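# Structure assessment
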Amino acid sequence: MSSWRDRLNRASGKTRFAVCRILLHLAGKEVAPLLGVLNQTGRQAVEHEGDMHVLGEGLAEICQTLLQYDLYWQSATNEGDVFWDEGEAGDYVDELFTDSAGRYQSVLDLDASPEDALSLPITHNLVVMLTVAYEGESPDLETDLADLAALKAGLKAMINLHYQGRLRAVQVHFSPAQLGDELTSEQLLLNFPELLPL
């Protein structure tokens, strides 16, 4: 439901920007291969110097992969806000970036090679943090996503935002950041206290 301020801004022709972050915890030894998808999309983003189309393609691939791994979803949370000023939206994206990057082992090692994965311990916990900024509205993202059906709809909405050309920023963080790192249950509670069981 839009506020009087939203209606006033819309009537004056201002562009609406929304920023949304989803945190999703997956558990089980089967989730480790997701790190490969996450690291690959990170490498592509760096190689293409943050090109928005490449970032959107990577986001769509990650969301699609997460949807295929829904049996392993354990908990989630989301947050966001709406802005009528692009600069304010950008500041909020920066704030979420700093927070996500500061979470346990959210640093991507782009120099790690697949050969390094041999005989490494396998993590049983993975937290994926997806942050997007987009123009207009997306009701499936602008609601509580700590529910299986709502979260599935939210991930599909992120994919659609890419194909509609409405994305203005994309950030992907994940913990642990690479094979061989582990995220223990204690670290999960300490670093992601806001997660709610699905």
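For the structure, check the block above.
Here's what I pulled together on the structure shown here. Treat the numbers as computed from the prediction; the structure is a model and nothing was measured.

This brings us to the nonpolar core. Soluble globular proteins: nonpolar side chains tend toward being buried together. Within the largest apolar cluster, 38 residues are counted, with the highest numbers of intra-cluster contacts made by L26, L66, L130 and L141. Elements with a contribution of two residues or more to this core: β1 (17–27), α2 (34–47), α3 (52–68), β2 (73–83), β3 (125–135), α5 (148–163) and β4 (167–175). Aside from chain neighbours lying at most four places away, what touches L141 is C20, I22, N78, V132, Y134, G154, A157, M158 and L161. Core analysis: the second largest hydrophobic core is formed by nine residues, V19, A89, L96 and A169 among them.

Once that is clear, we can look at the pattern of salt bridges. All chains considered together, the criterion is met by seven salt bridges. A salt bridge links D99 to R21; its shortest N-O distance comes to 2.7 Å. Taken together, the positions of D99 in helix α4 (residues 86–101) and R21 in strand β1 put the pair 78 residues apart, joining distant regions of the chain. Classification of R21 as buried rests on a relative accessible area of 2%. The shortest N-O distance in the salt bridge between D70 and K152 comes to 2.9 Å. On the criterion of sequence distance, the pair formed by D70 in the loop between α3 and β2 and K152 in helix α5 is long-range, its members being 82 residues apart. Residue classification places D70 among the partly exposed residues on the basis of a relative accessible area of 23%. A relative accessible area of 29% places K152 in the partly exposed class.

All right, on to α4 then. A rise of 1.5 Å per residue sets the reference length of α4, with its 16 residues, at 22 Å; its end C-alpha atoms lie 22 Å apart and thus fit the reference within 8%. Of the residues making up α4, those classed as buried are A89, Y92, V93, L96 and S100. In a view along the axis of α4, the buried residues occupy a sector of 105°, so they form one face of it. Turned more than 90 degrees from where α4 packs its buried face, D91, E95 and T98 sit exposed. Those residues of α4 that are buried are in contact with β1, β2, β3 and β4. The backbone nitrogen of G87 lies 2.9 Å from a side-chain oxygen of the residue at the head of α4, namely D85.

If you trace the five strands from one edge of the open sheet to the other, you get β4-β3-β1-β2-β5, paired in antiparallel fashion. Each edge of the sheet is formed by a strand with only one pairing partner; in this case those strands are β4 and β5 (196–197). Strand direction decides the pairing type here: β3 and β4, joined by eight bridges, are antiparallel. The residue bridging Y134 from the neighbouring strand is L167, located in β4. Helix-sheet contacts for α3 involve β1, β2, β3 and β4, and the interaxial angle to β4 is about 50°.

Calculation notes
The written sequence of each chain sets the order in which its residues are numbered from 1. pLDDT decides what is reported in this predicted model: residues at 70 or higher carry local features, side-chain atom pairs at 80 or more are listed and counted, and totals for whole chains, interfaces and linings draw on all residues regardless. Values shown for side chains rest on all heavy atoms present in the structure; no hydrogens or waters enter the calculation. The criterion is simple. A nonpolar core is a set of buried Ala, Val, Leu, Ile, Met, Phe, Trp, Tyr and Cys residues joined through side-chain atoms within 4.5 Å. Here's how the labels work: a residue is buried when its accessible area is under 20% of the maximum for its type, exposed when over 50%, partly exposed in between, all with a 1.4 Å probe on protein chains only. Only DSSP runs of H or I reaching four residues or more are called helices, and only runs of E reaching two or more are called strands; each is numbered from the N terminus. We call two residues in contact whenever any of their non-hydrogen atoms come within 4.5 Å of each other. Basic side-chain nitrogens of Lys or Arg form a salt bridge, by our definition, when they fall within 4 Å of a carboxyl oxygen of Asp or Glu. The length a helix should cover is 1.5 Å for every residue beyond the first. The arc refers to the directions leading from the helix axis to the C-beta atoms. Identification of polar contacts relies on pairs of N or O atoms within 3.5 Å, with a donor-acceptor requirement for protein atoms, meaning one able to donate a hydrogen and the other able to accept it, and with residues adjacent in sequence counted only if both atoms are side-chain atoms. The pairing criterion for strands is at least two bridges between them, as found by DSSP. Interaxial angle, 0 to 180 degrees, is taken between N-to-C directions of lines fitted to C-alpha atoms, where a helix line uses only the stretch in contact.

By themselves, these observations are geometric and do not establish any function.
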